[in-house]
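# Structural overview
Residues per chain are reported as follows:
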Amino acid sequence: MLTLDKLTSLCKRRGFIYPSSEIYDGFGAIYDYGPLGIELKNNIAKAWWKSMVQLRRDIVGLDSAIFMHPQVWVASGHTGAGFDEALIECRGCHNRIRADFLLMDKFGIDADKAPIDEINKILKDLRSQGKKVTCENCGSSDLAEAKRFNLLVKSNLGSPTDALSEENVVYLRAETCQGIYLNYKNIVDTMRVKIPFGVAQIGKSFRNEIVARQFIFRTREFEQMEMQYFVKPGDDDKYFEELKKLRYNWYLEYGISKENLKWHEHEKLAHYASAAYDIEYNFTAIGGFKELEGIHARGDWDLSQHTKHSGVKLDYFDEATNERFTPHVVETAAGLNRNVLAFMSDAYCEEEVDGEQRVVLKFDPRIAPMKVAILPLQKKPEALIEKSDEIWQNLAKNWMCDFDVAGSIGKRYRRQDEIGTPFCVTIDFDTIGQGDKKLKDTVTIRERDSMKQERIKIKDLVEYLEERLGD
Ligand code: ATP
């Protein structure tokens, strides 16, 4: 089974994910994506973009800025209680605890989005019933009262660095979708879109999470893939259901196992939502089913709020019916980093082969960071390397290809298995006409999951791979 230790070690060892600022002893809950991690992340983002934008005439893409006018976050409700979490500090070890997590984990009480007074009352009631409310870190029951903690990350722009006062504070965006609302009018005015239509965006978001751990599951800097779909009021339910189906099937299409996915319906809703479902993934390394993506019906909350705060009317004129209205929104909000974690977890397999254990990441080829590994049998003679290089040059025009000459061929296969490379191409003496003459200009191609090997002509390689790697 995949444990957190195994996962973090594989990620580090094979260049997927590194802890940030390691040479300075690390920097809490921030991670860097290494050479393989960035390929994996890009491939997931590309698959999402394909489904959301490329294959949809009714959805357009956007890349809005991280910094926005500070009023945006007032209008959206993020500077207020809507984006607060309840923080409890342990007086013993100064550990910071998220009250709703503590209540759920220890007592099975759902206090997600509950007001602070209600949380403190629940805690008081538990204590008066003789229940022990303790710090998960040191076990102390000397805990402070829960207090509000806003998750927006503050910064300042164009002012002296020590002047983080209320007048010049700016926020790093906490969700990408606000940039979509700010560009709603631009898109309607310039892109000839007709309702219903959507706007999709992938980008960084920042949240001052109270508890940031569990590897890349919850970090203070992360990436979101969001799509806001603008619909005529009244059509919300129909498009909400369509979006739910589309997003769930997307995971299945890219190889996530059905038994590791499930729906969770929210009873307590965020300040903007009128309906909310999460797609949960069974993250075994961090304790089971947890949110991977949220699908929300947001009504006209955001467009109305921005109309109110900016004074610019964000509505829609339907020429077909001569009606003017503020569109309603159904959205999908998926975490790209949580997707990386889900795809890695789902692909991870340990198998026994000839009495030895192999670890293999059985990614869908479209998601795999490297598609093909070019492996010359050995470092010499020069002709072997030259032929291998020629093959690499040709295949690299189409796909990310690895090139590895060091170590025994068996060890190199294992390394490629561990990073999920679907195909290995081995170039040997026969290939360069220094062995069996009949096999000149042929290579051995090995498939990752079955480990089956075939001998094929070099000139057929591109077609062979095209058929098996997908787009
Ligand atoms: P959670 O309840 O786990 O804090 P959320 O409900 O606040 O998440 P949303 O605001 O709906 O999350 O954001 C959409 C998606 O963005 C989430 O489903 C998740 O995949 C991702 N996400 C949110 N916060 C983080 C974070 N701190 N680190 C990594 N991904 C995150």
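In this report, we go over the structure that sits alongside the text. Counting restarts for each chain: residues are numbered from 1 in the order of the written sequence. Residue-level local features of this predicted model are given only where pLDDT is at least 70; pairs of side-chain atoms are given and counted only at 80 or more, and the full residue set underlies all totals for whole chains, interfaces and linings. Remark: hydrogens and water are excluded; side-chain values derive from all non-hydrogen atoms of the structure.

Secondary structure elements are defined from DSSP: runs of H or I of at least 4 residues count as helices, runs of E of at least 2 residues count as strands, and each element is numbered from the N terminus. In this scheme, a helix's expected span is set at 1.5 Å multiplied by one less than its residue total. Its 14 residues place the ends of helix α11 (residues 382–395) 20 Å apart at the C-alpha level, agreeing with the 20 Å of an ideal helix rising 1.5 Å per residue. Among the residues making up α11, those that are buried are L384, I385, K387, S388, I391 and L395. Seen along its axis, α11 keeps its buried residues to an arc of 165°; they face one direction. Only heavy atoms enter the contact rule, under which two residues are in contact if any of them lie within 4.5 Å. Of the surrounding elements, those touching the buried residues of α11 are β19 (372–376), β20 (401–403), β21 (423–427), β22 (442–447) and α13 (461–469). The buried label goes to any residue with under 20% of its type's maximum accessible area, the exposed label to any with over 50%, and the partly exposed label to all in between, with areas taken from a 1.4 Å probe on protein chains only. As used here, the arc belongs to the directions running from the helix axis to the C-beta atoms.

Quick look at the packing of aromatic side chains now. Aromatic rings from Phe, Tyr and Trp, taking only the six-membered ring of Trp, are treated as a pair when their centres fall within 6.5 Å; an angle between ring planes under 30 degrees marks them as stacked, one over 60 as edge-to-face, and anything in between as tilted. Tallied over the full model, the rule gives 17 aromatic pairs. On the basis of an interplanar angle of 15° and a centroid distance of 6.3 Å, the ring pair of Y184 and F197 is categorised as stacked. With Y184 in helix α7 (residues 184–190) and F197 in strand β9 (residues 197–206), this residue pair connects regions lying 13 residues apart in the sequence. Given a relative accessible area of 2%, Y184 falls into the buried group. For the pair F217 and F283, a centre-to-centre distance of 5.3 Å together with 75° between the ring planes defines the contact as edge-to-face. Within this pair, whereas F217 is found in the loop between β9 and β10 (221–231), its partner F283 is found in strand β12 (residues 275–283), the two being separated by 66 residues in sequence. By the ring-pair criterion, three or more aromatic residues cluster together here, those being Y181, Y184, F197 and F230. Note on criteria: charge over ring means Lys NZ or Arg CZ within 6 Å of the ring centre, with the direction from the centre no more than 35 degrees off the ring normal. Across the ring face of F289, the terminal group of K262 is positioned such that the distance to the ring centre comes to 4.4 Å.

Our focus in this paragraph is the sheet that holds β20. In this description, strands pair whenever DSSP reports at least two bridges between them. On the basis of which strands lie adjacent, the open sheet formed by five strands has the order β20-β19-β21-β22-β23 and mixed pairing. Where the open sheet ends on each side, the last strands, each with one partner, are β20 and β23 (453–457). If you compare each strand with its neighbour and ignore which way they point, the axes differ by 25° on average. Sheet analysis places β22 next to β23, joined by five bridges and oriented antiparallel. Bridge pairing in β23 links V443 to I456. Strands in contact with α13 are β19, β21, β22 and β23; relative to β21, the strand with the most contacts, it is inclined by about 165°. To get an axis, a line is fitted to the C-alpha atoms, and for a helix only the part in contact is used. The angle between two axes follows their N-to-C directions and goes from 0 to 180 degrees.

What follows covers the sheet that holds strand β3 (residues 59–62). One open sheet holds the seven strands; their spatial order is β3-β9-β10-β16-β13-β12-β11, and the pairing between them is mixed. Strands with a single pairing partner mark the edges of an open sheet, and in this sheet they are β3 and β11 (261–265). This sheet shows a mean twist of 25° between the axes of neighbouring strands, independent of strand direction.

This part covers the environment of L292. Inspection of the secondary structure puts L292 in strand β13 (residues 288–299). Placed 177 residues apart in sequence, L292 and L469 show a C-alpha to C-alpha distance of 26 Å. Filtering out sequence-adjacent residues up to four positions away, L292 remains in contact with Y251, L261, I279, E280, Y281, F283, A334, G335, R338, N339 and A342.

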